Amino acid sequence: MNKLTAALAAFAALAALTGAAKAATTADEAAKLKSTLTPLGAEKAGNADGSIPAWDGGLKDLPVSGAMGDIPTAIFPGEKPLFQVTAANMAQYEALLSDGTRALLRKFPDTFRLDVYPTHRTARASDTVYERTFANATGCETTDGGLSLKGCIGGTPFPIPSSGIEVMWNFLMRIEAPSIDYSFKNIVGNADGTHTLATRNQISFQYPFYYPEATAGSFKGEYAMLRFNTLEPPFKAGESLVIRDSIDPADPRKAWQYLVGQRRVRRAPTVAYDTPDFVASGANYFDEVQGLFGALDRYTWKLVGKKELLIPYNSNGFIGASQADAFAKHHLNPDKVRWERHRVWVVEATVADGKRHAVPKRTYYLDEDTWLIALMDGYDAEGKLWRTTQMTPFVVPAIPATIVKTATVFNLQANTMSVIQALNGETFKVVPQKPETFFTGDAVAADGMR
C-alpha cells in the first residue's frame, strides 16, 4: 500500500468509525482530481511493484477489433496470461483473493482457475463527465441520512468519498450512456451442472442523470428507467416490466408488470431488495441484478478502505464469446474470463436497525477507476459465506465508459449459479434518448400484444 492509499484508507476508517456526516469536499481536496487523482477520483499513480500501472488517460488508442453492436470484443488480441491461480497455488496469492474467489477455487479445484493478465487501466469518460464530476466534488452532498442526494449531476457524485454510502452512490450513479438498448438471457446453472434458460429479454435503459441537457438544479431525481419485454420461453413471451428508480427515499422505485395471462398491467412493489427475481426463475434476488439494483436503505454501509485484488476486468472477450463457450458446468469458462490486479474500495453492508434482508451481511469490492462493483460476497445469519457475485466489466468506447451488465451469482450452499443479463450472442447499442413516456405502465398496456 503506498502513502496515498494508506492515507485514504485511514480517512475512510475514521469516517466509518465516527459516522461522520458528509460535508462537500473542499476546493483544495477537489484540486487533486487534476493532479494526483484521476478525473473520477482514483489514484493516478501505479502501485509499488508496477503490477498496477499509472493511469494515462484510459481506453484511447486501444487496439480494438471485432464488435458486438457497440461492444468491441477483442481489445487486447494476442495477449497471454501472466500466471494462473489454481486451488493448488492459491495460498501464494491469498492476499489478492476475495472470500468468494477462494471458495470457488476450493469447491471446483479441477475446473475453476484465474487467468491473470497484465493490468490495463482502460477507464475513461467524456470531458463533460469529467467536468461534472469536478463540480460534484464540491457541490454534491448526501441528505436524508445518506439515502438521498442534492447538488449532483452527470458524473461521479463523490470522487473523493468519505463514507461507505457515498461509495455505493458512486456505483448507483455510475457512468452510463443517456440511453441504450440491448438483449440478454438469464441462465440458471443447476447443481448437477446443467444449464436452464430462464428467460431471454429485450431491454431499454435510460439514465436521466446523464442527459446532456441535465443540470443539478433541473434534475428531478429519477436516475434510471428501464423497460423490457420477454422473448423466450414461449409461455412467458410478451411479459413486460417497467422500473423507474429515484433518489427520493420515500419512493425510491416505481415498478409495473404486464402479465400475458391476465392481459393487464399492475403495480409491482415487490420487485426490489431480497424478493426472488422471477425474471431469473428466482435463482437470485432482485437487488443482485447488475451487482446492486435499487435503494440503499436496508443496510448500513461501512467504508473499510482500499486494497489490491484480483478481479474480472476488461471482459470484452468474455462478453463476445458464444453462450456455449462462455460457461462451464458450474462457473464461467476460465478460458474466457480475464482477471487483472486492481485497487478496489471495500464496503461492508450490514442490515440496518429495524430492517430485514435475507442476506444480513455483504462485502462489496468496487474498482477504484470506474466505481463499478467487481465482486460481492454475501454471508448468512451465522456469518458463513453463502453467495458470491462476479461481475464482468467491459469497455464501450461509444459512451465512452467501462460498464457492467452481467452479474453471476453463485449460491455456494445450494451449488447453483444464476447468470443475470448474459450478453453472449445478443446485441448492445447506444441509442438516441426516448420520450420518458415510453417508460410507463400506460405505455406497456398500450403495447401489450397477448
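The structure displayed is predicted, hence computed values, not measured ones.

**Description of the pairing of strand β14 (residues 373-379)**
Piece 1. Here β14 lies mainly inside the structure; 7 of its 7 residues are buried.
Piece 2. Bridge count for strand β13 (residues 361-367) against β14 is 6 bridges, and the pairing is antiparallel. In the sheet register, L366 faces β14, and the bridge partner there is I373.
Piece 3. Where β14 lies against strand β15 (residues 385-391), 5 bridges are found, and the strand directions are antiparallel. Within β15, the residue paired with M376 across the bridge is T389.
Piece 4. Between β14 and β15, which pair antiparallel in sequence order, lie 5 residues; one of them, G383, sits at a positive phi of approximately 80°.

**Quick look at the pairing of strand β11 (residues 299-312)**
Piece 1. Across the 14 residues of β11, 10 count as buried, placing the element largely inside the fold.
Piece 2. Relative to strand β12 (residues 339-351), β11 is paired through 13 bridges, and the arrangement is antiparallel. Residue pairing across strands places Y299 opposite V351, the latter belonging to β12.

**Topic: the environment of V430**
Piece 1. Tracing the sequence through the fold places V430 in strand β20 (residues 428-430).
Piece 2. Of the residues examined, V430 reaches a relative accessible area of 26% and is grouped as partly exposed.
Piece 3. Once the C-alpha coordinates of V430 and D181 are considered, the two residues, 249 residues apart in sequence, prove to be 6.5 Å apart.
Piece 4. Leaving out residues up to four positions away in the same chain, V430 has contacts with D70, A177, S179, I180, V396, A398 and I399.

**What to know about the packing of aromatic side chains**
Piece 1. On inspection of all chains with the given rule, the structure shows 16 aromatic pairs.
Piece 2. On the basis of an interplanar angle of 65° and a centroid distance of 5.5 Å, the ring pair of Y299 and W301 is categorised as edge-to-face. W301 matches Y299 in its accessibility class, with the two residues each being buried.
Piece 3. Connected via pairs of aromatic rings, a cluster forms that spans Y182, F184, F205, Y207, F228, F394 and F428.
Piece 4. The ring centre of Y273 lies 3.8 Å from the NZ or CZ of R298, which sits over that ring.
Piece 5. Above the plane of the ring of F205 lies K405, whose end atom (NZ or CZ) is 5.0 Å from the centre.

**As for the pattern of salt bridges**
Piece 1. Applying the stated criterion across every chain, the model contains 31 salt bridges.
Piece 2. Linking E340 and R338 is a salt bridge whose minimum nitrogen-to-oxygen distance equals 2.5 Å.
Piece 3. Judged by its relative accessible area of 8%, R338 is buried.
Piece 4. Note that E368 is salt-bridged to R343, the shortest N-O span being 2.7 Å. Taken together, the residues span a long stretch of sequence, with E368 in the loop between β13 and β14 and R343 in strand β12 at a distance of 25 residues. The same class applies to E368 as to R343, namely buried.
Piece 5. By sharing partners, the salt bridges in this structure join E43, R121, K306, R343, E368 and D369 into a single network.

**Overview of the side chain of H357**
Piece 1. Turning to its location among the elements, H357 is positioned in the loop between β12 and β13.
Piece 2. Overall, H357 belongs to the buried group, its relative accessible area being 10%.
Piece 3. Among the polar contacts listed, one links the side chain of H357 to the backbone nitrogen of V359, at a separation of 2.9 Å.

**A closer look at the state of the cysteines**
Piece 1. Counted according to the given criterion, the structure contains 1 disulfide.
Piece 2. The side chain of C140 participates in a disulfide bridge whose partner is C152; the two sulfur atoms lie 1.9 Å from each other. Disulfide C140 to C152: torsion about the S-S bond roughly 70°, handedness right-handed. One end of the pair, C140, is in the loop between α4 (127-139) and β3 (141-143); the other, C152, is in the loop between β4 (148-150) and α5 (164-172), and 12 residues separate them in sequence.

**Section: helix α3 (residues 99-107)**
Piece 1. Of all the positions in α3, only G100, T101, R102, A103, L104 and L105 are classed as buried.
Piece 2. Buried residues in α3 make contact with β1 (83-85), β2 (114-116), β12, β14, β15 and β18 (407-411).

**Points about unusual backbone geometry**
Piece 1. Here the bond from E232 into P233 is cis, since omega is -5°, no more than 30 degrees from zero.
Piece 2. Here P233 lies in the loop between β7 (222-232) and β8 (240-246).
Piece 3. With omega at -10°, the peptide bond leading from I399 into P400 counts as cis.
Piece 4. With respect to the secondary-structure elements, P400 resides in the loop between β16 (394-396) and β17 (401-403).
Piece 5. The phi angle at N314 is positive, at roughly 45°, despite the residue not being glycine.
Piece 6. Within the secondary structure layout, N314 lies in the loop between β11 and α6 (316-320).
Piece 7. In this model, Q421 sits at a positive phi of 60°, which is unusual for a non-glycine residue.
Piece 8. Looking at the element boundaries, Q421 is found in strand β19 (residues 416-422).

What counts and what doesn't
- Residues numbered from 1 in each chain as written.
- Predicted model: local features only at pLDDT ≥ 70, side-chain atom pairs only at ≥ 80, totals over all residues.
- Heavy atoms only, no water.
- Buried < 20%, exposed > 50% of the residue type's maximum accessible area, 1.4 Å probe, protein only.
- Helix = DSSP H or I, 4+ residues; strand = E, 2+ residues; numbered from the N terminus.
- Pairing = 2+ DSSP bridges.
- Contact = heavy atoms within 4.5 Å.
- Phe/Tyr/Trp six-rings, centres within 6.5 Å; stacked < 30°, edge-to-face > 60°.
- Lys NZ or Arg CZ within 6 Å of the ring centre and 35° of its normal.
- Salt bridge = Lys/Arg side-chain N within 4 Å of Asp/Glu carboxyl O.
- Polar contact = N/O pair within 3.5 Å; in protein donor to acceptor, adjacent residues only side chain to side chain.
- Disulfide = S-S within 2.5 Å.

Distances and angles like these do not, on their own, reveal function.
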